[in-house]
Amino acid sequence: MLWKGPAIAEGWTLLVDGPSPQAVAAHLHVVPIVTDLHLRFDYPAYMQQDSQRIDNSSGEVQAPRGTEVTVQGLADREVASAQLWLGEQRLVVDVKNGRELTGRFVVDANGTYRFVLQTVSDKEVIDPLAHSVAVIADIAPKIQLREPSRDDTVHLDDRINIDYSVADDHGIAKTRFVVHFQASDRPPFVRELAVLPTPLREFGGKAKVSVVDLGAKPGDRLSVAIEAEDNDTVGGPNIGRSTTRVLTIFSPTAHHEMLLAKQRAFLQTMVQSLADELENPFPSSQPQLTPPSERLLLQVHADLSTRLAAFDGAMETLIVAIRDDALTQDAVRRALGHMQQELH
């Protein structure tokens, strides 16, 4: 039967698998049909960068988004017209003296381009060599936040000191102070710090912001940072963000609860130390103790002496802390004062 012959089998192979790479290469030619390539890069205006020309180029393009690329080459035959195929785009190429080609395109995404020639005999010839196009990303501004320099607790009547510097590869357009309220659905607080009519590659600024202006409440935890936008008018703006600092709004109630917890922990430690001393009294006379028992007793009292010295410092810290606490009762202050006197 005819459908079992080699020709039929070869036909089925082409239908199922497609033509072989060798067959495609033979159809498209095995060598480039446009050589002697020269590239010119005209960069976007925001970059403030002079045009660049690369002679005797491989044709590979690496440039920021928005760059206009001019490609000049020499066809290996006389052509009536030509195109540049860039992805799905079909761009007209200028033809001079039958073989000199000049094409242009704007870099927008990674991909490839190739020449397609229409010969004088009206035959379309596709260049087998595709040249790569790679977008160079415009880097977001880098920000150094000097103040606030650490996480901290602030009061509603405080002012937040802001000190920062910004650097960018092409130009900084604006900066702002951004505050996010943790564990809250409240919108962030944003205050514009600087708008630069002429973008700079380096910029620094200082400011003060009143805590009350943020709309914060006692107990709030605020994530604060500086953001900066660059002047990328093509694929941007690109936004950089500084290190985040966490500012906690002072809460009298929360502060008092913390002091109560410290008082409880202090008193518990004092009771435990008293119990240790009662269980291991230091004899007033010289009893007959075995050496192991004597060493153990001396060690216990040495530990108690060390703890007593630590108690004295901890009590002084606690007394100072509750001195300005409006919710601590005077009786508690007096009691701690008497305990401190007894220790001395």
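The rules behind each value
- Residues numbered from 1 in each chain as written.
- Predicted model: local features only at pLDDT ≥ 70, side-chain atom pairs only at ≥ 80, totals over all residues.
- Heavy atoms only, no water.
- Helix = DSSP H or I, 4+ residues; strand = E, 2+ residues; numbered from the N terminus.
- Buried < 20%, exposed > 50% of the residue type's maximum accessible area, 1.4 Å probe, protein only.
- Areas by Shrake-Rupley, 256 points an atom, 1.4 Å probe, with all protein chains shown as cover.
- pLDDT = per-residue confidence, 0-100.
- Contact = heavy atoms within 4.5 Å.
- Salt bridge = Lys/Arg side-chain N within 4 Å of Asp/Glu carboxyl O.
- Phe/Tyr/Trp six-rings, centres within 6.5 Å; stacked < 30°, edge-to-face > 60°.
- Polar contact = N/O pair within 3.5 Å; in protein donor to acceptor, adjacent residues only side chain to side chain.
- Core = buried A, V, L, I, M, F, W, Y, C linked by side-chain atoms within 4.5 Å.
- Pairing = 2+ DSSP bridges.

Draft legend 1. Main features of the overall build of the protein. Of regular secondary structure, the protein possesses five helices and 17 strands. Burial status across the protein gives 34% buried among its 344 residues. Carbon and sulfur atoms make up 54% of the accessible area of the protein, which totals about 21,000 Å².

Draft legend 2. Molecular detail of the confidence of the model for the protein. Looking at the protein, the pLDDT average stands at 83 and 69% of residues meet or exceed 70. Contacts from residues 21-29, a stretch scored under 50 in pLDDT, to residues over four places away or in other chains number seven contacts.

Draft legend 3. Structural view of the pattern of salt bridges. The tally for this structure, following the rule as stated, stands at 11 salt bridges. Note that Arg-150 and Asp-152 form a salt bridge whose closest N and O atoms lie 3.5 Å from each other. The partly exposed category is assigned to Asp-152, whose relative accessible area is 32%. Within this structure, Arg-176, Glu-227, Glu-229 and Arg-241 form a network of salt bridges that share partners.

Draft legend 4. Looking closely at the packing of aromatic side chains. Tallying each qualifying case throughout the model produces three aromatic pairs. Arranged with centres 5.2 Å apart and planes meeting at 45 degrees, the rings of Phe-105 and Tyr-113 form a pair that is tilted. Of the residues examined, Tyr-113 reaches a relative accessible area of 1% and is grouped as buried. With a centroid separation of 6.4 Å and an interplanar angle of 55 degrees, the aromatic rings of Tyr-164 and Phe-203 are classed as tilted.

Draft legend 5. Representation of the side chain of Asn-238 within the structure. Residue placement: Asn-238 occurs in the loop between β15 (221-230) and β16 (239-241). At a separation of 3.5 Å, a polar atom in the side chain of Asn-238 contacts the main-chain carbonyl oxygen of Asp-138. Within the structure, the side chain of Asn-238 is placed 2.8 Å from the side chain of Asp-230, a separation counted as a polar contact.

Draft legend 6. Inspection of the nonpolar core at higher detail. Val-61, Val-71, Leu-101, Phe-105, Tyr-113, Phe-115 and Leu-117 are the most contacted members of the largest nonpolar core, which totals 27 residues. What Leu-101 contacts, discounting residues up to four positions off in sequence, is Val-34, Val-71, Gln-72, Gly-73, Ala-75, Val-79, Ala-82, Val-93, Asp-94, Val-95, Phe-115 and Leu-117. Core analysis: the next-biggest nonpolar cluster, separate from the first, contains 24 residues, Val-179, Val-211, Leu-214 and Ala-216 among them.

Draft legend 7. Representation of the side chain of Glu-229 within the structure. You can see Glu-229 is positioned in strand β15. Of the residues examined, Glu-229 reaches a relative accessible area of 15% and is grouped as buried. Separated by 2.8 Å, the side chains of Glu-229 and Arg-176 make a polar contact. Excluding anything up to four places from it in sequence, Glu-229 contacts Pro-141, Ile-172, Ala-173, Lys-174, Arg-176, Pro-237, Asn-238 and Ile-239.

Draft legend 8. Looking closely at the pairing of strand β13 (residues 159-181). Of all the 23 residues making up β13, 17 are buried; the element is thus mostly covered by neighbouring parts of the structure. Pairing analysis gives five bridges linking strand β11 (residues 142-147) to β13, with the strands arranged antiparallel. Across the sheet, residue Leu-145 finds its bridge partner in β13, namely Tyr-164. Examined bridge by bridge, β13 and strand β14 (residues 189-210) share 16 bridges and lie antiparallel to one another. Note on β14: the bridge partner recorded for Thr-175 is Ala-194.

Draft legend 9. Local environment of unusual backbone geometry. Omega for the bond connecting Glu-147 with Pro-148 falls within 30 degrees of zero, at -5 degrees, which places this linkage in the cis form. Take Pro-148: it is sitting in the loop between β11 and β12 (152-154). A cis amide bond links Gly-236 with the next residue in sequence, Pro-237, at an omega value of 5 degrees. Here Pro-237 lies in the loop between β15 and β16. Phi is positive for Asn-56, which is not a glycine, with a value near 50 degrees. Topologically, Asn-56 is positioned in strand β2 (residues 52-57). Here Asn-56 falls in the exposed class, since its relative accessible area comes to 62%. Unusually for a residue other than glycine, Asp-122 sits at a positive phi of about 65 degrees. Positionally, Asp-122 belongs in the loop between β8 (111-119) and β9 (124-126).

Draft legend 10. Looking closely at the environment of Ser-121. Relative to the assigned elements, Ser-121 resides in the loop between β8 and β9. For Ser-121, a relative accessible area of 59% puts it in the exposed group. A distance of 3.0 Å separates the side chain of Ser-121 from the side chain of Thr-119, its partner in a polar contact.

Draft legend 11. Focus on the environment of Ala-207. Examined against the element boundaries, Ala-207 turns out to sit in strand β14. Taking the C-alpha atoms as reference, Ala-207 lies 8.2 Å from Ile-160; in sequence the two are 47 residues apart. If we skip the residues at most four places from it in the chain, Ala-207 touches Ile-160, Asn-161, Ile-162 and Leu-193.

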